[in-house]
Amino acid sequence: MNIIAAVDRNWAIGLKNKLLVKIPEDHKFFRQITMGKVVVMGRKTLESFPNGLPLEGRTNLVLTGNRDYRVKGALCLPSIEALKKELERYESKDIFVIGGESVYRQLLDDCDVAHITRIDYAYQADAWFPNLDQREDWEITGDSEEHTYFDLEYYFYRYEKVKK
């Protein structure tokens, strides 16, 4: 499975259920890499999308503890066990975990590849992604040249789980 996130210098990902910054090139990359694939998210991540609607052109799986939660165009699953059972139906390479913090933490160990946009700035935040640079089980296998958006510098990194 894949995991994808945009993080700041401190691995922060959000504040008050919103992204820290919207970078058009990062959104374009996210769209290209996830289009036609399975995206896995928590309820709050889904609700942060425009009008709280699922992403078009993708299979949307939403993890929520609320068994009555329903959204047209998404499959809502009430537990991590139910989610993992549903994920068995798909090719691992076609699955992208897209947030938020709780879902990232629950599924990181099931992922083999992480697509991380690293933004060289420290934002005020209340949600974080696990710091892959501090984990011995992950290594950088690809990186980009420096990109800029106004005065922000950012990089695209590919991390892979270390094979034991």
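Since this is a predicted model, take the numbers as computed values, not measurements. (Residues numbered from 1 in each chain as written. Predicted model: local features only at pLDDT ≥ 70, side-chain atom pairs only at ≥ 80, totals over all residues. Heavy atoms only, no water.)

Draft legend 1. Structural view of unusual backbone geometry. Gly100 follows Gly99 through a cis peptide bond whose omega is 0 degrees. Mapped onto the fold, Gly100 is located in the loop between strand S7 (95-99) and helix H4 (101-107). Of note, the phi angle at Lys16 is positive, near 55 degrees, even though the residue is not glycine. One can find Lys16 in the loop between strand S2 (12-15) and strand S3 (18-19). Assessed through its relative accessible area of 67%, Lys16 is described here as exposed. You will see that Asn51, though not glycine, has its phi angle at about 60 degrees, which is positive. Tracing the backbone shows Asn51 in the loop between helix H2 (43-48) and strand S5 (59-63). (Helix = DSSP H or I, 4+ residues; strand = E, 2+ residues; numbered from the N terminus. Buried < 20%, exposed > 50% of the residue type's maximum accessible area, 1.4 Å probe, protein only.)

Draft legend 2. Representation of the layout of surface pockets. Roughly 1200 Å³ of volume is contained in the largest pocket. As for the largest pocket, its lining consists of 41 residues, of which Leu19, Thr45, Ser48, Phe49 and Ile98 are closest to the centre. Counting only elements with at least two residues in the lining of the largest pocket, the list comes to strand S1 (2-7), S2, S3, helix H1 (24-34), H2, S7, H4 and strand S8 (113-119). (1 Å grid on protein atoms, 1.4 Å probe; cavity = no way out; pocket = protein on both sides within 12 Å on 5 of 7 lines; lining within 4 Å. Points joined across faces, edges and corners; volume = space filled by probe spheres on them.)

Draft legend 3. Molecular detail of the sheet that holds S2. Read across the open sheet, the three strands follow the order S3-S2-S9; overall the sheet is antiparallel. Edge strands, defined here as strands with exactly one partner in the open sheet, are S3 and strand S9 (127-128). Pairing between S2 and S3: two bridges, direction antiparallel. Along S3, the bridge assignment pairs Gly14 with Leu19. (Pairing = 2+ DSSP bridges.)

Draft legend 4. Inspection of the nonpolar core at higher detail. Within the largest apolar cluster, 28 residues are counted, with the highest numbers of intra-cluster contacts made by Val40, Leu83, Val97, Ile116, Phe129 and Leu132. Those elements giving two or more residues to this core turn out to be S1, strand S4 (38-42), S5, helix H3 (80-87), S7, H4 and S8. Excluding anything up to four places from it in sequence, Ile116 contacts Ala5, Val7, Trp11, Phe129, Leu132, Tyr155, Phe156, Tyr157 and Tyr159. Residues Ile4, Met41, Leu46 and Leu55 belong to the second largest nonpolar core, which totals 14 residues. (Core = buried A, V, L, I, M, F, W, Y, C linked by side-chain atoms within 4.5 Å. Contact = heavy atoms within 4.5 Å.)

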